[in-house]
Amino acid sequence: MYPNLYFAFKDLFGVEWKFLRFVNSFGFFVALAFIGAAVVLTRELKRKEREGLLHPKEEKIVVGKPAGIGELLLNFIIGFLFGYKLLGTLFLDAAITENTQEYLFSSQGHLLSGLFLGSVLAFFKWQEKNKQKLKQPEERLVRIWPHDRVGDLVIFAAIFGFAGAKVFHNLENWGEFVQDPIGALFSPSGLTFYGGLICAAAAIWYYARKNNINIWHLNDAAAPGLMLAYAVGRIGCQVSGDGDWGIVNKTPNPYSWLPDWMWSYTYPNNVNGEGIPIPGCVGQYCNELANPVYPTPFYETVMGLLIFAALMLMRTKLKVPGTLFAVYLILNGVERFLIEKIRVNTTYDIFGFHPTQAELISSGLVIAGIIVYIIRKRTYKPSLADHKA
């Protein structure tokens, strides 16, 4: 297992770059997931724009103004934080930065690195605005297409998705939250995907409505990217061993062609430090599970990629806006409901039944997907643009 990229590069390439301790494997793959989703969403929005299904919005902007104090200060602060923490790993003692999570949330860092990177970013912002400066700033009317807003959409999804994932995780593990609410809220671990999906969806719906983007076309454009992001994110869960594994599986591997780790796995060096000590291992991540379990994150990556491929094939065949998104809800819900049968999770006691939070939400997604599909098919009236497409 590779808790962070330092261990991955050390094992794969034989190099020991201390600053890579700062890059957690899970966070790295989450970042790749957002990038992949943004690329797919941009392509789909552009396709719908070419087909006349989405339209730009005209907005007034002021051009030619020099960089303001607020802009320079914001860039300095961002640069300072990255330099203070990230570049600090190059100059600080390894003992300080070995526990990445503790270092990240501590006050320790490298002051000169922070001041340097902060000044560099502030200078670049000043230089960028200075090149565009006019003698007399002027107001212009510009056309902003939906694909131009993908950056904003990703930021909204990241912020509200992380907050929602954290809140839903604490609701699911209420006992642990009550014991240490501050630690639970500010811990970098402990996230629930569906909580992030729900809160991010609400934020994006608000943003789309505010900027006159057809929500059904936006949903369809986002569906394949959301599934791709889910699949890539689960790679991070598998590689880091963040606890999203399955139930104990002591049954011998019945398939000779299947590597043993794909059947049952002990997640050595897992980032949560769960299990028993690994003989001879020295350092922070030296535990592995006492009994092998189903590697459910790997299974979800495979199923997620298959669903992504299916959605990409169907995206031009389902002409009614919203129906592709409905199919995404159904397939996503079915996939997660099935994986819950071999996955470790907290259960609720509801009238004698003991479902997990994910089973409840995934069932709701399937039902919602079916309802959306039926309603959109029955109530949709094709426009002229749809006939041209």
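You'll find the structure just up there.
Residues numbered from 1 in each chain as written. Predicted model: local features only at pLDDT ≥ 70, side-chain atom pairs only at ≥ 80, totals over all residues. Heavy atoms only, no water.

Participant: So, the overall build of the protein: which residues are in play, and what are the values?
Facilitator: From N to C terminus, the protein includes 16 helices and four strands. Counting only residues that meet the buried cut, the protein has 41% of its 389 residues in that class. Considering only contacts in the protein between residues 6 or more positions apart, those separated by 24 or more positions represent 74%. Of the roughly 21,500 Å² that the protein leaves accessible, carbon and sulfur atoms contribute 66%. (Helix = DSSP H or I, 4+ residues; strand = E, 2+ residues; numbered from the N terminus. Buried < 20%, exposed > 50% of the residue type's maximum accessible area, 1.4 Å probe, protein only. Contact = heavy atoms within 4.5 Å. Areas by Shrake-Rupley, 256 points an atom, 1.4 Å probe, with all protein chains shown as cover.)

Participant: I'd like a rundown of helix H1 (residues 5-13), residues and numbers included.
Facilitator: Buried within H1 we find Leu5, Tyr6 and Ala8. Along the axis of H1, the buried positions cluster into a sector of 165°, meaning they face one direction only. At its buried positions, H1 is contacted by helix H2 (25-50). Where H1 begins, one side-chain oxygen reaches toward the backbone nitrogen of Tyr6, 3.1 Å away; that side chain belongs to Asn4. Following H1 by one or two positions, Gly14 has its phi on the positive side, about 75°. (Arc of directions from axis to C-beta. Polar contact = N/O pair within 3.5 Å; in protein donor to acceptor, adjacent residues only side chain to side chain.)

Participant: Break down the packing of helix H13 (residues 296-314) against helix H14 (residues 323-339) for me, citing the residues and quoting the values.
Facilitator: Remark: H13 packs on H14, axes separated minimally by 11 Å, with the N-to-C direction vectors making an angle of 160°. Between H13 and H14, the crossing angle belongs to the class labelled roughly antiparallel. Of the two elements, H13 crosses H14, and the hand of that crossing is right-handed. Across the interface between the two elements, Thr296, Tyr299, Glu300, Met303, Ile307, Leu311 and Met314 of H13 pack against Leu324, Val327, Tyr328, Leu331, Glu335, Arg336 and Ile339 of H14. In terms of residue class, the contact of H13 with H14 is built from 10 nonpolar, one polar and three charged. (Axes fitted to C-alpha atoms, helices over the stretch in contact; angles between N-to-C directions. Parallel < 35°, antiparallel > 145°, perpendicular 65-115°, else oblique. Left-handed = near helix turned anticlockwise from the far one by under 90°. Nonpolar A, V, L, I, M, F, W, Y, C, P; charged D, E, K, R; others polar.)

Participant: Any details on a nonpolar patch on the surface? Residues and values, ideally.
Facilitator: Residues Phe28, Leu32, Ile35 and Val39 make up a contiguous nonpolar surface patch of roughly 330 Å² in combined accessible area. Residue placement: Phe28 occurs in helix H2. (Patch = residues over 30% accessible without salt bridge, like charges linked within 9 Å, V, L, I, M, F, W, Y side chains within 5 Å. Salt bridge = Lys/Arg side-chain N within 4 Å of Asp/Glu carboxyl O.)

Participant: Go over the state of the cysteines with me, naming the residues and quoting the values.
Facilitator: Under the counting rule described, the total for this entry stands at one disulfide. With its sulfur 2.1 Å from that of its partner, Cys281 forms a disulfide with Cys286. Across the S-S bond linking Cys281 and Cys286, the dihedral sits near -70°, which makes this disulfide left-handed. When its relative accessible area of 10% is taken as the criterion, Cys286 is described as buried. (Disulfide = S-S within 2.5 Å.)

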